[in-house]
Amino acid sequence: MRLTKAFNRSLWVFHLNTGSCNGCDIEIVATLTPRYDPERFGIKLVGSPKHADVLLVSGPVTRAMADRARRVYEQMADPKVVMGIGSCMSGGVFYDSYNLVGPLEEHIPVDVFVPGCPPRPEAIIDGVVKAIAKLERLEGEGK
Amino acid sequence: MSEDSKNKATFNVPIGPVHPALKEPILFTFKMDGEMVEEVDFAPGKCHRGIEWMGMRRNPVQIVHLTDRICGICGVSHSLAFAKAVEQIAEIEVPERAHYVRAIIAEYERIQSHLLWAGVAAHELGFDTLFFLAWRVREESMDVIEYLTGNRVNYGIIQVGGVRRDFTEDQFPRIEASLQYYEDIAGKLLNLFLEDKTIQIRCKNCGVMSKREALELCTVGPTARASGVAMDVRYDSPYAAYGDLDFAPVLPHQYLGLTNGDVYDRIVVRLLEVVQSIDLIRQCLANMPPGEVLWEKKYPKILAACKKATGEAVGRVEAPRGECLHYVRMDGNPNPQTWKVKASTYSNQMSWLKMLKGEQIADIPIVVASIDPCMSCTDRVAVVRHGRTDILTKADLHRLSVEKTRRLAQWS
């Protein structure tokens, strides 16, 4: 896969927890550690959504975090890709809760879903590769 | 300090709920006097998913898998505490071998959780090399957990009445290999974390909590033990196989000769507990009795036993972060009438207010991380009726209590 000029060196990721159980968050961090080491491809976590190309969202979107998810998404510069990590993104075991306002795609557009409870680091990396392909397409369309 | 700077007004620094230093959403408000933290306030609740409410609409066999999802790091502690409470109500006798399987998986969870914490602590100090080293070492325990249970996180191995998978003899060499790996690397980890100058200057005398304060604030687990409180549910009221094992709570003075109750002591306690866990797993493997691992293989029979049960019980487990308590009341229906979870961070979080006072703003991340907070275990909801909020002080509660006593005395 050929990366476009904007992304051929780095893909910066911002992680947003919308009330997850920590399972996915820990797997996301595990993905970034030496065993899998995606930093050799320039993939790394950044501290501000304004620096990020990809927004990783974990958790079933609690009432308190829905608005924050929208605000974080709006702060990101185009082109951007949103990844939803984990099965509870669409309810999952928490399907009948009173405090969840998911699924995530009702609040922000989601490009890549990585299912699993929690997904393995390999699955998350696979999702990021799909996100790169999507970013490449967006770039080609001039968005 | 000049007169001028003394008269400067304090200012508020809000941090969160989305902030790179926080792994989970929580809102802190710091009242700062220059660089010094004067007051701390925090607003948890961003992770509240209403798990107890959902649980009261499901049956115990289903809830066990919901309890795994209370927390992705200490899932087994929650499912174990819940299963213990239900077993006590329904008078289900857990086979001896299942107790050992439970203890082994709980100890592996402690190893991975403490190493995870050690990495996060190093990261909060800006020591990313050590963060990556700790997480690489942690992967070994994740591999074994996956080998034994089938999943890296949310193992789903506990069931009411036992465990869903047995650990067989042919799996022991892999377990032993991982224990050997940790034993070999433990010295290196202890050396890196405890003798390193960067960690010593940042962690010693930082976020101090005395033994008395630890008791007054009702802290639990490694946070309390680091202040010299010798409490450990595994030791004080043994569950699973811990009654048969030979061990004692880890206290910082065993390594340092004295107890300071600072962040450094919390690192000491957690790392020594990793070493202790290796020994505990070895003891479990050596003494594992043969036999079944589940009280009843057919789940409908387990369900039927739970359905008939009436009564209430408390299940207590020493999670990696401290005591985890589940209260369950069954009233003859498939679903519990009441289910209440008190995770360890719920007890520990109030110690932040004490520890952070007087610290510098740069010390906030490590002091906050030093109790190993887990908000997803802890978060609750506050119900506001008719737009009115109340804060009940100790005096108010005392008044209410006196009034109730008088009321009851009048009736009787």
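A brief structural summary.

About the criteria used
Residues numbered from 1 in each chain as written. Chains lettered and ligands numbered in written order. Predicted model: local features only at pLDDT ≥ 70, side-chain atom pairs only at ≥ 80, totals over all residues. Heavy atoms only, no water. Helix = DSSP H or I, 4+ residues; strand = E, 2+ residues; numbered from the N terminus. Rg over C-alpha atoms; globule rule 2.2 N^0.38 Å. Buried < 20%, exposed > 50% of the residue type's maximum accessible area, 1.4 Å probe, protein only. Lys, Arg positive; Asp, Glu negative; His and termini not counted. Charge placed at Lys NZ, Arg CZ, Asp CG, Glu CD. Pairing = 2+ DSSP bridges. Axes fitted to C-alpha atoms, helices over the stretch in contact; angles between N-to-C directions. Contact = heavy atoms within 4.5 Å. Parallel < 35°, antiparallel > 145°, perpendicular 65-115°, else oblique. Left-handed = near helix turned anticlockwise from the far one by under 90°. Nonpolar A, V, L, I, M, F, W, Y, C, P; charged D, E, K, R; others polar. Buried area = accessible area lost by both parts, 1.4 Å probe. Salt bridge = Lys/Arg side-chain N within 4 Å of Asp/Glu carboxyl O. Polar contact = N/O pair within 3.5 Å; in protein donor to acceptor, adjacent residues only side chain to side chain. Core = buried A, V, L, I, M, F, W, Y, C linked by side-chain atoms within 4.5 Å. Phe/Tyr/Trp six-rings, centres within 6.5 Å; stacked < 30°, edge-to-face > 60°. Lys NZ or Arg CZ within 6 Å of the ring centre and 35° of its normal.

### Re the overall build of chain A
Looking only at helices and strands, chain A has three helices and five strands in total. Taking 2.2 N^0.38 as the reference for a compact globule, 143 residues should give roughly 15 Å; the C-alpha atoms of chain A span a radius of gyration of 14 Å, in line with that estimate. C-alpha extents for chain A along the principal axes are approximately 45 × 35 × 25 Å. A burial count over chain A gives 55% of its 143 residues as buried. Computed over 17 positive and 17 negative side-chain charges, the inter-centroid distance for chain A is 4 Å.

### A few points about the sheet that holds strand β1 (residues 11-15) of chain B
All names here are of chain B. Spatially, three strands are ordered β1-β2-β3 in an open sheet, and the strand pairing comes out antiparallel. One side of each edge strand has no neighbouring strand; the edge strands of this open sheet are β1 and β3 (36-43). The sheet shows a mean angle of 20 degrees between the axes of neighbouring strands, direction not considered.

### A look at the sheet that holds strand β3 (residues 54-58) of chain A
Residues and elements named next belong to chain A. Read across the sheet, five strands follow the order β2-β1-β3-β4-β5 without closing on themselves; strand pairing throughout is parallel. Of all the strands in the sheet, just β2 (43-45) and β5 (112-114) have a single pairing partner and so form its edges. Each strand axis lies, on average, 25 degrees off the axis of its neighbour in the sheet, ignoring direction. Relative to β2, strand β1 (residues 11-17) is paired through three bridges, and the arrangement is parallel. Note on β2: the bridge partner recorded for Val 13 is Leu 45. Each of β1, β3 and β4 (81-85) is contacted by helix α1 (residues 23-31), which is oriented at about 140 degrees to β3, the strand it contacts most. On top of the sheet, helix α3 (residues 121-140) reaches β1, β2, β3, β4 and β5; it is set at about 160 degrees to β4, its chief contact.

### Points about the packing of helix α5 (residues 96-124) of chain B against helix α13 (residues 263-287) of chain B
Helix-helix packing is described using two parameters, namely the angle between the two axes and the distance between the axes. All names here are of chain B. The contact between α5 and α13 brings their axes to 9 Å, and the two run at 155 degrees. By the criterion of interaxial angle, the relationship of α5 to α13 is roughly antiparallel. Like other packed secondary-structure pairs, α5 and α13 cross with a definite hand, here left-handed. Contacts from Tyr 100, Ala 103, Ile 104, Glu 107, Tyr 108, Arg 110, Ile 111, His 114, Trp 117 and Ala 118 in α5 reach Arg 266, Ile 267, Arg 270, Leu 271, Glu 273, Val 274, Ser 277, Leu 280, Ile 281, Cys 284, Leu 285 and Asn 287 in α13. Class assignment for the residues of the contact of α5 with α13 results in 14 nonpolar, three polar and five charged.

### Points about the interface of chain B and chain A
Reports of interface size often rely on the accessible area that becomes lost once the parts have come together. Between chain B and chain A, the residue contacts involve 38 residues of the former and 38 residues of the latter. Between chain B and chain A lies a buried interface of about 3100 Å² when both sides are counted; carbon and sulfur atoms form 63% of it. For Asp 96 of chain A, the salt bridge identified is with Arg 58 of chain B, shortest N-O distance 2.9 Å. Joining chain B to chain A, the criterion identifies 15 residue pairs in polar contact (both at pLDDT 80 or more). Contributing elements (two or more residues each) for the side of chain B that touches chain A: α2 (51-55) and α6 (128-149) of chain B. Examining the composition of the side of chain B that touches chain A, we find that nine residues originate from one element, α6 of chain B, more than from any other. Class assignment of the residues belonging to the side of chain B that touches chain A gives a composition of 20 nonpolar, six polar and 12 charged.

### Examining the side chain of Arg 97 of chain B
Residue and element names in this part refer to chain B. Mapped onto the elements, Arg 97 comes out in helix α5. Among the polar contacts listed, one links the side chain of Arg 97 to the backbone oxygen of Pro 289, at a separation of 2.9 Å. Once residues within four sequence positions are removed from consideration, Arg 97 is found in contact with Asp 166, Phe 167, Thr 168, Met 288, Pro 289, Pro 290, Gly 291, Glu 292 and Val 293.

### What to know about the pairing of strand β7 (residues 322-331) of chain B
All names here are of chain B. In terms of burial, β7 is a largely internal element, seven of the 10 residues being buried. Strand direction decides the pairing type here: strand β6 (residues 310-319) and β7, joined by 10 bridges, are antiparallel. Each bridged residue has a counterpart across the sheet, and for Arg 316 the counterpart in β7 is Leu 325. Count of turn residues in the β6/β7 antiparallel hairpin: two residues. When β7 meets strand β8 (residues 338-342), the two strands line up antiparallel, connected through five bridges. Note that in β8 the partner of Tyr 327 across the bridge is Lys 340. Taking the residues between adjacent antiparallel strands as the criterion, β7 and β8 are bridged by six residues, where Gly 332 takes a positive phi near 90 degrees.

### As for the nonpolar core
All names here are of chain B. Counting residues in hydrophobic clusters, the biggest one holds 133 residues, and the most contacted among them are Phe 28, Phe 30, Tyr 108 and Phe 193. For this core, the leading source of residues is α5, giving 16 residues. Each residue touching Tyr 108, except ones within four places of it in the same chain, is listed here: Ser 141, Val 144, Ile 145, Leu 148, Ile 175, Ser 178, Leu 179 and Ile 281.

### Topic: the environment of Asn 287 of chain B
Looking at the element boundaries, Asn 287 of chain B is found in helix α13. As for Asn 287 of chain B and Leu 245 of chain B, which are separated by 42 residues in sequence, their C-alpha atoms are 9.1 Å apart.

### Observations concerning the packing of aromatic side chains
All names here are of chain B. Scanning the model with the defined rule gives 12 aromatic pairs over all chains in all. Here Phe 28 and Trp 352 contribute two aromatic rings whose centre-to-centre distance is 5.2 Å and whose plane-to-plane angle is 65 degrees, an arrangement assigned as edge-to-face. Taken together, the residues span a long stretch of sequence, with Phe 28 in strand β2 (residues 27-33) and Trp 352 in helix α16 (residues 351-356) at a distance of 324 residues. The pair Phe 28 / Trp 352 is uniform in exposure class, with both members buried. Members of the aromatic cluster, joined through ring pairs, are Phe 28, Phe 30, Phe 42 and Trp 352. Seen from the ring of Trp 135, Arg 138 lies directly overhead, with NZ or CZ sitting 4.8 Å from the centre. Positioned over the ring face of Tyr 264 is Lys 204, at 4.7 Å from the centre of the ring.

Worth remembering: the numbers are spatial, not functional.
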